[in-house]
Amino acid sequence: MTGLLSRLTGRLFTPRWQHANPAIRSAATDQLDPEIPDQRKILETLILEDDALEVRHAALTRMQSPERLLPLLDRADGLVRERLIELLSGGQDAPSLLSREQLVERLDDSELLSAVASRGDNQQLRLTALSRLEDEEALIHQACHNTIAAVRHAAAARITSQAGLERLVRDAKRDRYVQRQARDTLAQRRADAQQADALAASRDNLLRQMEKLPRQAWEDSVPSRYRSLLREWERLPAADYEIQQRFEEARQQAHKVISDHEAREEAIRAHERLSANLNTHLEEILSAVDQAREDLYSRDCVNDHDFASLQAQRRLQGERWSELTDQFSAPAELLERQQRLQQQLQDALDAWHRHQLCQGELDAALVDNDIDQLRRLESEVAWPTGLPQTASLSAVRQAISAAQPEEPTEAAQEQDALDGSPAQDAESADASRAADGKASLDLDALDAELARLEADLDAGKLKPASRLHRSLRDRTEGQLDNARQTRLRQLGARVAELRDWQNFVAAPKREQLLEAITTLSERDDISDEQRDRQHQQLIQQWRELGDAAASRDASQAFRTASDAIKLRLRDYRESRKQLREYNLAMREALCEQLESLNGHAMDDADPDSLRQIRDRAREEWRRHTPVPAGPGRQLSHRFGEALTALQGLIDSRAGQIAAAKQALVDAVEALANEDSPARARAEQAKALQSRWREMGRAPKGEEQRLWAAFRAACDRIFAARDQDREDRDSREQARLDQWQALIERLDSWEPETLEDAALLDDALKEADTLGPLPRGKRGDGMRRRWTGILKRREQRLDELHALQLREEWQQWRDLLEQHAVADASARNGDVQDVELPNTSAFDDNSRQANAARNQMRQALPSNCSAANERLAELRVHLAILFEAPLGSEDESRRLTVQVARINQQLGERMEREEELDEVLDALLANGPLDWDAWQTELPRFDALFNH
């Protein structure tokens, strides 16, 4: 009893949407409001979980908002998707168009978007759905089968793949515009692909040649080929970044090889010029050294500055001598002269060094007037005969020669040591005695020397003028006539004046140099190399001042600062010494390598490689400098002999290459005389050119002769290839002329009937046979003209088709009008049959429809509303076929017609003409009609056939 009560209670209080009877659950959905969240959840439960189809369908009918159905799409069956498509496409209970467009803009479901694009009730809605589609398969379907032309064109415009465009050409039968655009796009792509392939091949060829250029053996034509490749690359359109970067790297390598070769050639030419002027340069060095020695020996009295200048000049010219003799071998007579001068300078410098060591003892002995000590020190100094004495030595010799029982006072000794007059008097006396022993003077030579003295004074040359004046004064004392003596005295006054002036000018310069060298010895912010270079410059500038404004204190201060700099540069100069030894070892190793190469070179050695070895050996030789003078001269002779042997080997191999290149010349000349295809011969000639470049160079004059003959034969082959290319261009021109004739023929033709469409199809087939128009100014113009002509002819055919359709409609209209009148008469009891006219507009199906209409009239129903509604649906069907606009009152009929069309065409796609015939037959078979309904719809039918 309790269980039965419980079951009865459960049945009484269970909600109706959970009832066991599907009909009750289906009816309960009418009481559920989707705007209330709880009731909406019940509806969603019924949609997703209920077993009865009618319950799910009733629940879906209550859900009139697409936003509420979207979350259920992934969890429900196809019924939800179909309801959603119906709502979005403008079917029953659909929301406003604006809200649907906004919702479609947010959709990502390709299947849903494709359905809306196909079934939407508004063109803009369809375009919005199409814009969200990304699947190319769906776009192809829309471009081929959508009923709205604008949607088809928009879909076709988004198809870019090769396969998709080919499918459009094959399947887009209902829209010739889409088919033609796809065909033109494919043709354009083929032309673009051919041009891109040709451009890529040109780039690859240029890139390979540029990359090969730095690696191949050097030829005189390499720079011109480099410039030619660069010009051809610049004429091409811009390439991708990677290819452009590869070409730039190859160009830089080729430019570096060419620049290095030109630099080597220039260095070799400079080296040869230097070698040709070797004797002149060596003579200049020896003259400068001899001049420095004469300057020293021509002085009345020497000091520390004179010997410092002599030492600096000797070092400078010695470095120049070493640099030249390291590269070339000096003549034997110049070597002997150089060694003799060096020995003379070394004797003078050794004496000066001994004098420096004894300077303190000499000054003390002079002060103490210790004659024995002075004699011992004079013997120890061992001053060379003929070398001018210092002031100290002059004072020493004067003191020794003038030694008497009465010793001179200490003040007199100091005065004699300071002004050095005894030594000068002794020197003057010696000069007088020498002058007395001379023979009679040569007056012409004397006048010439006086003129030279005057010229030196005019030029401001104090040193040669002082030496010449002193020599003339000593040699002609007491032997000149009054005029010459007066002129000599005047010139002597000018010498004194010039000396005073130079002393005046040189005094601040000496102060600046002394300050500069003192500052240089104290600076810590410069490198040793800069310090050494500035030190040498300061010494050179100090030496150039000569005796002008010279003082013992300034010279001693300058020497002290110079010694301090030398002390700081001791390690640096030691490293330079080690560098010289290292360079000497590297040069010796280079000589050994060259000698080994000459002794073990292969018979088939590449002369270009040997030339590179020779050039690099010269570069290495020049790079490893400086070296010690003595061993360096010996290595120079050895290096020259090794290079001579290497050059002989190069000449031998170059002669062998000349013979091989002569064989290539014969081969290419025979190839030029053949009758084989020009392109094949050009390829063979290119292979021979590659072999030519790989062989290396023959001797220079022979290489130029062979190259001229080889190039002339190649030019003949390539000229034949160019002629063949011109013939091919002529054939292409003939094809363009055929295109032009086809365009002119189609332009002059105007279709008169629909049967003329076959002529247009024949023209399209002929165009396919001719192939795509080539790219270019003429081809592009012809393509635009061809497209315009096709468009106008298709428009004309469409106009003819519309005219024919209107004419046929007039026949149908009269027949339908007769049936409408017969329907009205039948209601009044007068039943009559309408006969079908015997015209081409009506076929067997039309006769069957006409007979069915007559039978319907005999069984006239009491209500014509179904036939009237069917009449309106057929009008909507025609509007869809003609892509004509519909009013809002026809939206529900549009959905019904579209669903019916889809169901009808599931098995096989129906052509537009067939579908139109079926609609007209259905219109004929529909009846009986209400007369008012027919009169209302008739103008709309007329408007459709005039659309």
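Being a predicted model, the structure only gives us computed values, none of them experimental.

Draft legend 1. Fine view of the overall build of the protein chain. Looking only at helices and strands, one finds 39 helices and zero strands in the protein chain. Across the 947 residues that make up the protein chain, the buried fraction comes to 39%. For the protein chain, restricting intrachain contacts to residue pairs at least 6 apart in sequence, the fraction spanning at least 24 positions comes to 71%. Taken as a whole, the protein chain presents about 51,500 Å² of accessible surface, with 49% of it coming from carbon and sulfur.

Draft legend 2. Representation of the side chain of lysine 661. If you trace the backbone, lysine 661 turns up in helix α30 (residues 629-672). On the basis of relative accessibility, which here comes to 0%, the residue lysine 661 falls in the buried class. At 2.9 Å, the side chain of lysine 661 forms a polar contact with the side chain of glutamate 703. Setting aside its immediate chain neighbours within four residues, lysine 661 contacts Trp692, Met695, Gly696, Arg697, Ala698, Glu703 and Leu706.

Draft legend 3. Highlighting the confidence of the model for the protein chain. Confidence along the protein chain averages 77 in pLDDT terms, with 85% of residues attaining 70 or more. Taken element by element, the predicted model of the protein chain shows its lowest mean pLDDT in helix α21 (residues 410-419) (40) and its highest in helix α11 (residues 149-157) (86). Overall, residues 1-13 carries pLDDT values under 50, and its contacts beyond four positions in sequence, including any with other chains, amount to zero contacts.

Draft legend 4. Local environment of the environment of aspartate 532. Along the chain, aspartate 532 turns up in helix α26 (residues 528-544). As for aspartate 532 and leucine 520, which are separated by 12 residues in sequence, their C-alpha atoms are 9.7 Å apart. Aspartate 532 has contacts with Leu569, Tyr572, Arg573 and Arg576, leaving out every residue within four places of it along the chain.

Draft legend 5. Spotlight on the packing of aromatic side chains. The full count for this structure, using the stated rule, is 10 aromatic pairs. Judged by centre distance (4.5 Å) and plane angle (20 degrees), the rings of tryptophan 692 and phenylalanine 710 are stacked. Highlighted residues: tryptophan 692 in helix α31 (residues 678-695) and phenylalanine 710 in helix α32 (residues 700-748), separated in sequence by 18 residues. Comparing tryptophan 692 with phenylalanine 710 shows no difference in burial state: the two are buried. Taken together, a centroid distance of 5.3 Å and an interplanar angle of 90 degrees make the contact between tryptophan 739 and tryptophan 786 edge-to-face. With tryptophan 739 in helix α32 and tryptophan 786 in helix α34 (residues 777-827), the pair connects residues that are 47 residues apart, well separated along the chain.

Draft legend 6. Fine view of the nonpolar core. Grouped together as the largest cluster of nonpolar side chains are 36 residues, with contacts concentrated most on Leu282, Leu296, Phe307, Trp321, Leu374 and Trp383. Only α16 (278-297), α17 (304-327), α18 (332-368), α19 (371-381) and α20 (391-401) provide two or more residues apiece to this core. Counting residues in each nonpolar core, the second largest holds 35 residues, with Leu816, Ala849, Leu881 and Leu929 among its members.

Draft legend 7. Spatial organisation of a negative patch on the surface. Where like charges cluster on the molecular surface, the negative patch consists of Asp843, Asp844, Glu911, Glu913, Glu914, Asp917 and Glu918. No other element matches the four residues that helix α38 (residues 912-925) contributes to the negative patch. With relative accessibility at 39%, the residue glutamate 913 sits in the partly exposed group.

Draft legend 8. Broad picture of the side chain of aspartate 615. Its place among the elements puts aspartate 615 in helix α29 (residues 607-623). For aspartate 615, a relative accessible area of 7% puts it in the buried group. Polar contacts involving the side chain of aspartate 615 include one to the side chain of arginine 614, which spans 3.2 Å. Ignoring anything within four residues of it in the chain, the contact list for aspartate 615 reads Arg264 and Ile268.

Draft legend 9. Just the packing of α30 against α31, in detail. At a minimum axis separation of 11 Å, α30 and α31 run at an interaxial angle of 175 degrees. Here α30 lies roughly antiparallel to α31, going by the angle between them. On α31, the residues touching Ile657, Ala660, Lys661, Leu664, Val665, Ala667, Val668, Leu671 and Ala672 of α30 are Arg681, Gln684, Ala685, Leu688, Arg691, Trp692 and Met695. Residues that form the contact of α30 with α31 fall into these classes: 12 nonpolar, one polar and three charged.

Draft legend 10. Molecular detail of helix α13 (residues 176-212). Between its terminal C-alpha atoms α13 stretches 53 Å, which fits the 54 Å expected from 37 residues at 1.5 Å a residue. Those residues of α13 that sit buried are Val178, Gln179, Arg180, Ala182, Leu186, Ala187, Ala191, Arg203, Leu206, Leu207 and Met210.

Draft legend 11. α18, seen in detail. Given a rise of 1.5 Å per residue, 37 residues ought to cover 54 Å, and the 53 Å separating the end C-alpha atoms of α18 matches this to within 8%. Of the residues trailing α18, asparagine 369 is marked for its positive phi of about 55 degrees.

Draft legend 12. Just the environment of leucine 387, in detail. Positionally, leucine 387 belongs in the loop between α19 and α20. Each C-alpha atom of the pair leucine 387 and arginine 299 lies 8.8 Å from the other, and the pair is 88 residues apart in sequence. Ignoring sequence-local partners within four residues, the contact set of leucine 387 consists of Leu296, Tyr297, Phe307 and Ala348.

Draft legend 13. Main features of the pattern of salt bridges. Under the definition given, this model contains 39 salt bridges. The shortest N-O distance in the salt bridge between arginine 785 and aspartate 747 comes to 2.9 Å. Separated by 38 residues along the polypeptide, arginine 785 in helix α34 and aspartate 747 in helix α32 bring together distant segments of the chain. Judged by relative accessible area, which is 30%, arginine 785 ranks as partly exposed. Note that arginine 853 is salt-bridged to aspartate 823, the shortest N-O span being 2.7 Å. With arginine 853 in helix α35 (residues 844-858) and aspartate 823 in helix α34, this pair connects stretches of sequence that are 30 residues apart. No difference in accessibility class separates arginine 853 from aspartate 823, as the two residues are buried. Within the structure, one salt-bridge network assembled from shared partners comprises Glu744, Asp747, Glu750, Arg785, Arg792, Arg793 and Arg796.

Draft legend 14. A look at the packing of helix α10 (residues 136-145) against helix α12 (residues 162-171). For the pair α10 and α12, interaxial distance at closest approach is 10 Å and the crossing angle is 25 degrees. Comparing their axes, α12 and α10 come out roughly parallel. For the element pair α10 and α12, the recorded crossing hand is right-handed. Taking contact as the criterion, the partners of Glu136, Glu137, Ile140, Ala143 and Cys144 in α10 are, on α12, Gly164, Arg167, Leu168 and Asp171. Looking at side-chain class alone, the contact of α10 with α12 contains four nonpolar, one polar and four charged residues.

Thresholds, definitions, all that
Residues numbered from 1 in each chain as written. Predicted model: local features only at pLDDT ≥ 70, side-chain atom pairs only at ≥ 80, totals over all residues. Heavy atoms only, no water. Helix = DSSP H or I, 4+ residues; strand = E, 2+ residues; numbered from the N terminus. Buried < 20%, exposed > 50% of the residue type's maximum accessible area, 1.4 Å probe, protein only. Contact = heavy atoms within 4.5 Å. Areas by Shrake-Rupley, 256 points an atom, 1.4 Å probe, with all protein chains shown as cover. Polar contact = N/O pair within 3.5 Å; in protein donor to acceptor, adjacent residues only side chain to side chain. pLDDT = per-residue confidence, 0-100. Phe/Tyr/Trp six-rings, centres within 6.5 Å; stacked < 30°, edge-to-face > 60°. Core = buried A, V, L, I, M, F, W, Y, C linked by side-chain atoms within 4.5 Å. Patch = residues over 30% accessible without salt bridge, like charges linked within 9 Å, V, L, I, M, F, W, Y side chains within 5 Å. Salt bridge = Lys/Arg side-chain N within 4 Å of Asp/Glu carboxyl O. Lys, Arg positive; Asp, Glu negative; His and termini not counted. Charge placed at Lys NZ, Arg CZ, Asp CG, Glu CD. Axes fitted to C-alpha atoms, helices over the stretch in contact; angles between N-to-C directions. Parallel < 35°, antiparallel > 145°, perpendicular 65-115°, else oblique. Nonpolar A, V, L, I, M, F, W, Y, C, P; charged D, E, K, R; others polar. Expected span 1.5 Å × (residues − 1). Left-handed = near helix turned anticlockwise from the far one by under 90°.

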